[in-house]
Number of protein chains: 2
Amino acid sequence: MAKAMTLLWGAGSPPCWRVMIALEEKNLQGYNQKLLSFDKMEHKSKEVLDINPRGQLPTFKHGNTIVNDSYAVCFYLESKFKSQGNKLIPDSQEEQALMYQRMFEGLTFYDKLNAVIYYDWFVPEGERHESALNRNKEALTTELKLWEGYLQKLGSGSHVAGPSFTLADVVIFPTVAYLFRFGLSAKRYPKLGEYHNLLKDRPSVKASWPPHWLENPEGQDTLKDI
Amino acid sequence: MAKAMTLLWGAGSPPCWRVMIALEEKNLQGYNQKLLSFDKMEHKSKEVLDINPRGQLPTFKHGNTIVNDSYAVCFYLESKFKSQGNKLIPDSQEEQALMYQRMFEGLTFYDKLNAVIYYDWFVPEGERHESALNRNKEALTTELKLWEGYLQKLGSGSHVAGPSFTLADVVIFPTVAYLFRFGLSAKRYPKLGEYHNLLKDRPSVKASWPPHWLENPEGQDTLKDI
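Residues numbered from 1 in each chain as written. Chains lettered and ligands numbered in written order. Predicted model: local features only at pLDDT ≥ 70, side-chain atom pairs only at ≥ 80, totals over all residues. Heavy atoms only, no water.

Topic: the overall build of chain A
Line of reasoning, step 1. Summing up its helical and strand segments, chain A has ten helices and four strands in all.
Line of reasoning, step 2. Helices and strands in chain A line up, N terminus first, as β-α-β-α-β-β-α-α-α-α-α-α-α-α.
Line of reasoning, step 3. Compactness check: chain A gives a C-alpha radius of gyration of 18 Å against a globular reference of 17 Å for 226 residues, within 12% of the reference.
Line of reasoning, step 4. Dimensions of chain A, computed from C-alpha atoms along their principal axes, come out at roughly 50 × 45 × 30 Å.
Line of reasoning, step 5. For chain A, the residues scored as buried account for 54% of the 226 residues in total.
Line of reasoning, step 6. Pairs at least 24 apart in sequence give 71% of the contacts found in chain A among residues at least 6 apart.
Line of reasoning, step 7. Put simply, chain A shows about 10200 Å² of open surface, and 50% of that area lies on carbon and sulfur atoms.
Line of reasoning, step 8. Here chain A carries 27 positive and 27 negative side-chain charges, and the mean point of each set is 3 Å from the other. (Helix = DSSP H or I, 4+ residues; strand = E, 2+ residues; numbered from the N terminus. Rg over C-alpha atoms; globule rule 2.2 N^0.38 Å. Buried < 20%, exposed > 50% of the residue type's maximum accessible area, 1.4 Å probe, protein only. Contact = heavy atoms within 4.5 Å. Areas by Shrake-Rupley, 256 points an atom, 1.4 Å probe, with all protein chains shown as cover. Lys, Arg positive; Asp, Glu negative; His and termini not counted. Charge placed at Lys NZ, Arg CZ, Asp CG, Glu CD.)

Structure (structure tokens):
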């Protein structure tokens, strides 16, 4: 089945990573894949635009079905391959509720991270303000404390939305990995550090680890004072 | 069952409206509800913060289960009350794929709308730039053309992700209604206009129509030149 799938992806993209983790979890190895370069603007190439009018990565196709948004791909794969690989939506309604809640809060988490680490990329030079960047840093700090509290409450060794690994982990783990890659202090955020350690060697995560991180294991220190 | 539910909401909030439409579609009328005022900062009150640490509306509770994000509430209600009221996730995998894709693109659509109509609200006075607002307007125009194209392709009388009303309509219709409330031209965007007309009298939509729009049917003209 994976042979009918094509993923166009870019290195350094948490949304692409989400899709790759989900594919691994559903035992869909062997899909067609192509690593494109954001620097060379290959995400705006005809190859991408033919499938994805937004010219963004991931771009994903399964047979004639096109699903490009990373969250949409996750839901699609879990629904289509429910009984294959790992079950990613728990049966319990209670656990489901928390999974949905955390998944969508995960988008806010991701946005707040980007607003700090990619501030200069998002905002043209003449429109940048120290006050805005400081506000973004404060918002990220508040967000990080919220997630520390969530993990604290769930207890040691828990996944992000309860005892089992779910879609919430699929979509949130890449954000957490990026935090530490960009220098977040595990001393200051011990629960997030513990969560990062819990999942970084999980087979689906390891198999999809960003290749440029393997080549260059040294990260940046952008977030060291956050 | 609705008696065990509490919704804290604010007028003028598309995310709150999504939840109210979903509750109507699942025949969950009669839930406890309280209209709070953003102007009076009631979304930061203890009543909200006790349930929702983000201090945002909607804030939603069903028994002991707390789900606050509007998309999360939609997924939760559909899963919990699958066979009650209208079915909001189609059986066909093909239709599901398009529904998921459009739902998540709907978040981008909503963000691009907000970046124009609430620019002054989001950006403090000393940090505003005409160039940024113009870029936001261009991005909204591009986004609107994309959705015109999507609706065009699906054909007349279609819902936003295919023949049936789905979760995609629940989450996207409020954005479309806000566009027209803020003066979007149905002449320039005829497919969005048609879609707006298709759904504005649907019982779930009518029952949850923003009360301040009923009191004052006149909208604004912020988007008249978009």
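Quick look at the domain arrangement of chain A
Reports of interface size often rely on the accessible area that becomes lost once the parts have come together.
Residue and element names in this part refer to chain A.
Line of reasoning, step 1. Domain boundaries in chain A define domain 1 (2–80) and domain 2 (93–215).
Line of reasoning, step 2. Contacts between the two partners involve 16 residues from domain 1, matched on the other side by 26 residues from domain 2.
Line of reasoning, step 3. Taken together, both faces of the contact between domain 1 and domain 2 bury some 1900 Å²; the carbon and sulfur share is 76%.
Line of reasoning, step 4. Looking at the side of domain 1 facing domain 2, the largest losses of area belong to Trp 17, Arg 18 and Tyr 71, adding up to 39% of the total buried there.
Line of reasoning, step 5. In this assembly, domain 1 and domain 2 are joined by one salt bridge.
Line of reasoning, step 6. Between Glu 25 and Arg 202 there is a salt bridge whose closest N-O contact spans 2.7 Å.
Line of reasoning, step 7. If you look at where domain 1 meets domain 2, you find seven residue pairs in polar contact (both at pLDDT 80 or more).
Line of reasoning, step 8. Broken down by secondary-structure element, the contributors of at least two residues to the side of domain 1 that touches domain 2 are α1 (14–25) and α3 (70–80). (Domains from an automatic or database assignment. Buried area = accessible area lost by both parts, 1.4 Å probe. Salt bridge = Lys/Arg side-chain N within 4 Å of Asp/Glu carboxyl O. Polar contact = N/O pair within 3.5 Å; in protein donor to acceptor, adjacent residues only side chain to side chain.)

A look at the packing of helix α1 (residues 14–25) of chain B against helix α3 (residues 70–80) of chain B
Residues and elements named next belong to chain B.
Line of reasoning, step 1. Interaxial distance between α1 and α3 falls to 9 Å at its minimum, and their mutual angle equals 10°. In terms of their interaxial angle, α1 and α3 are classed as roughly parallel. The segment α1 lies against α3, with Pro 15, Arg 18, Val 19, Ala 22 and Leu 23 engaging Ser 70, Tyr 71, Val 73, Cys 74 and Leu 77. (Axes fitted to C-alpha atoms, helices over the stretch in contact; angles between N-to-C directions. Parallel < 35°, antiparallel > 145°, perpendicular 65-115°, else oblique.)

Comments concerning the UniProt feature "domain: GST N-terminal" (unreviewed entry) in chain A
Line of reasoning, step 1. When the UniProt feature table is mapped onto this chain, "domain: GST N-terminal" (unreviewed entry) is found at residues 3–85 of chain A.
Line of reasoning, step 2. For the annotated span residues 3–85 of chain A, helix accounts for 33% and strand for 20% of the residues, and the straight-line distance between the end C-alpha atoms is 16 Å. (UniProt positions renumbered as here; feature names shortened; annotations may be inferred.)

Some words on the nonpolar core
Line of reasoning, step 1. In terms of nonpolar packing, the biggest core is built from 140 residues, with Leu 77 of chain A together with Leu 77 and Phe 104 of chain B touching the most fellow members.
Line of reasoning, step 2. If sequence neighbours within four positions are ignored, Leu 77 of chain B has contacts with Met 5, Ala 22, Leu 23, Lys 26, Leu 28, Phe 60 and Lys 82 of chain B. (Core = buried A, V, L, I, M, F, W, Y, C linked by side-chain atoms within 4.5 Å.)

As for the UniProt feature "domain: GST C-terminal" (unreviewed entry) in chain A
Line of reasoning, step 1. UniProt marks residues 92–226 of chain A with the feature "domain: GST C-terminal" (unreviewed entry), using the numbering shown here.
Line of reasoning, step 2. The span residues 92–226 of chain A is 67% helical and 0% strand by assignment, and the distance between its end C-alpha atoms comes to 36 Å.

Let's talk about the sheet that holds strand β2 (residues 32–36) of chain A
Residues and elements named next belong to chain A.
Line of reasoning, step 1. Pairing in this open sheet of four strands is mixed, and the strands run β2-β1-β3-β4 from one edge to the other. Where the open sheet ends on each side, the last strands, each with one partner, are β2 and β4 (65–66).
Line of reasoning, step 2. Note: strand β1 (residues 5–10) against strand β3 (residues 59–62), four bridges, orientation antiparallel. Note on β3: the bridge partner recorded for Met 5 is His 62. (Pairing = 2+ DSSP bridges.)

Notes on the environment of Ser 70 of chain A
Residue and element names in this part refer to chain A.
Line of reasoning, step 1. Of note, Ser 70 is situated in helix α3.
Line of reasoning, step 2. The sequence separation of Ser 70 and Asn 134 amounts to 64 residues, and the corresponding C-alpha distance is 29 Å.
Line of reasoning, step 3. Apart from residues no more than four positions distant in its own chain, Ser 70 is found in contact with Pro 15, Arg 18, Val 19 and Pro 58.
Line of reasoning, step 4. At 2.9 Å, the side chain of Ser 70 and the side chain of Arg 18 are in polar contact.

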